[in-house]
Amino acid sequence: MRWEAPALLAEPTEARPRIERTAVIRVHGALTCYEVQARAALERTAEGWSVSPYRGCAEGCRYCSVRRSHRYLGLDSGTDFDSRIVVRTNIVQRLRADLASRWDGEHVTVGVAGDCYQGAEEVYRLMPGVVAALREAGAPFTVYTKSTLILRDVELLAAAPGAGVVVSIAFVDDRIRRSVEPGAPSAQKRLELVAELNERGVPSGVAMAPILPLLTDSPDQLAATVRRVAAAGAVSLAPQVLRLPPGAREWYLAWVDEHHPALAARYGELYGRGPDADPGYVRGVTGQVLQLAARYGMGPTRPEQPLPLALPAPPQLTLL
């Protein structure tokens, strides 16, 4: 009789992303959503506190500086970041608990790890509860978004004395927008959003971020963007040059190689020392924008309640 020796080790199972071990997975059209229970809602940043109902963003901006956070979940920082969204379904309950126990009165930024009004918000409707919790706690807060969906909650925002909105409008060239921000509304729609928010009692400024070296940084382009932001009635304008931390760096530079190969060498020079462009270049471009904005009476913060200067630095993200 012939005996078959049993295998000493089990056959390896198919590798699964780390997030799938604890999440409930639901598919909504082109989006795969990982529903998770957040351990905490408030996260420390250099500017104060942040809260993010979603991680990942279907707007698909090539340059997004928080792309690398998906790697910690076993997902990639490219197409997974754009199509596999982490949804912190208990964020409102955790936020209320954190505001009662951990919050120290500092400013709160909303939507750092992914646009809080991206398409997933139409399904999960987490932001009305987030806004209500912040308002009830008396917390000053700023929502960062590119999405016109925020108008759904305009009355809630207008009723919160400490609320403000910053809309990212880095340039007004829609040809570039379609390529580098494929899932985001046009600049014109975002300008109209700024105007409507201010008209309806929600102070709205603009983060001119990110300015893309060699693509949207000419004097004429900068002037055109600032002029249209001023015409929209923005209460502030803060410029920020493109940053390329790991995750965003690979994804954005691959786009440059494909669509603008003649610029690749110059990008290597500008970003040869790390995620920030050459300091002299940054000073020159941001200085131009601030001078242009001053001509229209705009500064990087609104006088009655300072907003963070441009986009906040990403927090040290927890797993969930």
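Scroll up for the structure.
Small disclaimer: the values here were computed from a predicted structure and weren't measured.

Asks: What should I look at first to understand helix α7 (residues 187–199) in this one?
Replies: For an α-helix the count is 3.6 residues per turn, leaving residues at separations of three or four pointing the same way. For α7, which comprises 13 residues, the first-to-last C-alpha distance of 18 Å matches the rise-based estimate of 18 Å (1.5 Å per residue) to within 8%. For α7, the complete set of buried residues consists of Ala-187, Arg-190, Leu-191, Leu-193, Val-194 and Leu-197. The arc that holds the buried residues of α7, viewed along the axis, is 155°, so those residues lie on one side. Buried-residue contacts for α7 involve α5 (154–158), β9 (163–168), α6 (174–180), β10 (204–211) and α8 (219–231). Of the residues one or two after α7, Gly-201 is the one with positive phi, at around 90°.

Asks: Please explain the packing of aromatic side chains as it appears in this structure.
Replies: By convention here, two paired aromatic rings are described through the distance between centres and the angle between planes. Counted under the stated rule, the structure contains 3 aromatic pairs. Judged by centre distance (5.5 Å) and plane angle (40°), the ring pair of Tyr-252 and Trp-255 falls under tilted. Here the residue Tyr-252 and the residue Trp-255 both occupy positions in helix α9 (residues 248–259), the gap between them amounting to 3 residues, near one helical turn. A relative accessible area of 1% places Trp-255 in the buried class. An aromatic cluster is present here, built from Tyr-252, Trp-255, Tyr-267 and Tyr-271 joined pairwise through their rings. In this structure, Arg-44 is placed above the aromatic ring of Trp-49, and the distance from its NZ or CZ to the ring centre is 4.2 Å. Across the ring face of Trp-251, the terminal group of Arg-62 is positioned such that the distance to the ring centre comes to 4.4 Å.

Asks: Would you mind showing me how to read the pattern of salt bridges here?
Replies: Two side chains of opposite charge can pair, provided their charged atoms sit close to one another. In total, this model carries 20 salt bridges according to the counting rule given. Ionic pairing is found between Asp-82 and Arg-67, a salt bridge with its closest N-O pair at 2.8 Å. In this pair, Asp-82 sits in helix α1 (residues 79–83) while Arg-67 sits in the loop between β5 (54–55) and α1, placing the two residues 15 residues apart along the sequence. Residue classification places Arg-67 among the buried positions, given a relative accessible area of 0%.

Asks: Looking at this model, I keep getting lost on the sheet that holds β5. Mind explaining?
Replies: Within a sheet, adjacent strands bond to each other through the backbone by hydrogen bonds, running parallel or antiparallel. With mixed pairing, 4 strands are arranged side by side in an open sheet as β1-β2-β6-β5. Across the chains shown, the open sheet's two edge strands, defined by having one partner strand only, are β1 (24–28) and β5. Relative to strand β6 (residues 84–88), β5 runs antiparallel, the two sharing 2 bridges. By the bridge assignment for β6, Tyr-54 is matched with Val-87.

Asks: How should I be thinking about the sheet that holds strand β4 (residues 48–51) in this particular structure?
Replies: The 7 strands lie next to each other as β3-β4-β7-β8-β9-β10-β11, forming an open sheet whose pairing is mixed. In this open sheet, the two edge strands, each paired with only one partner strand, are β3 (43–45) and β11 (237–241). Recorded for the sheet is a direction-independent mean angle of 30° between the axes of neighbouring strands. Relative to strand β7 (residues 108–110), β4 runs parallel, the two sharing 3 bridges. By the bridge assignment for β7, Val-51 is matched with Val-110.

Asks: Please clarify how the environment of Val-108 should be interpreted in this entry.
Replies: The topology assignment puts Val-108 in strand β7. A C-alpha to C-alpha distance of 6.3 Å links Val-108 and Pro-140, two positions 32 residues apart in sequence. Setting aside its immediate chain neighbours within four residues, Val-108 contacts Leu-42, Trp-49, Ser-50, Val-51, Trp-103, Leu-134, Ala-139, Pro-140, Phe-141 and Thr-142.

Scoring rules and cut-offs
Residues numbered from 1 in each chain as written. Predicted model: local features only at pLDDT ≥ 70, side-chain atom pairs only at ≥ 80, totals over all residues. Heavy atoms only, no water. Helix = DSSP H or I, 4+ residues; strand = E, 2+ residues; numbered from the N terminus. Expected span 1.5 Å × (residues − 1). Buried < 20%, exposed > 50% of the residue type's maximum accessible area, 1.4 Å probe, protein only. Arc of directions from axis to C-beta. Contact = heavy atoms within 4.5 Å. Phe/Tyr/Trp six-rings, centres within 6.5 Å; stacked < 30°, edge-to-face > 60°. Lys NZ or Arg CZ within 6 Å of the ring centre and 35° of its normal. Salt bridge = Lys/Arg side-chain N within 4 Å of Asp/Glu carboxyl O. Pairing = 2+ DSSP bridges. Axes fitted to C-alpha atoms, helices over the stretch in contact; angles between N-to-C directions.

None of this, on its own, says anything about what the molecule does.
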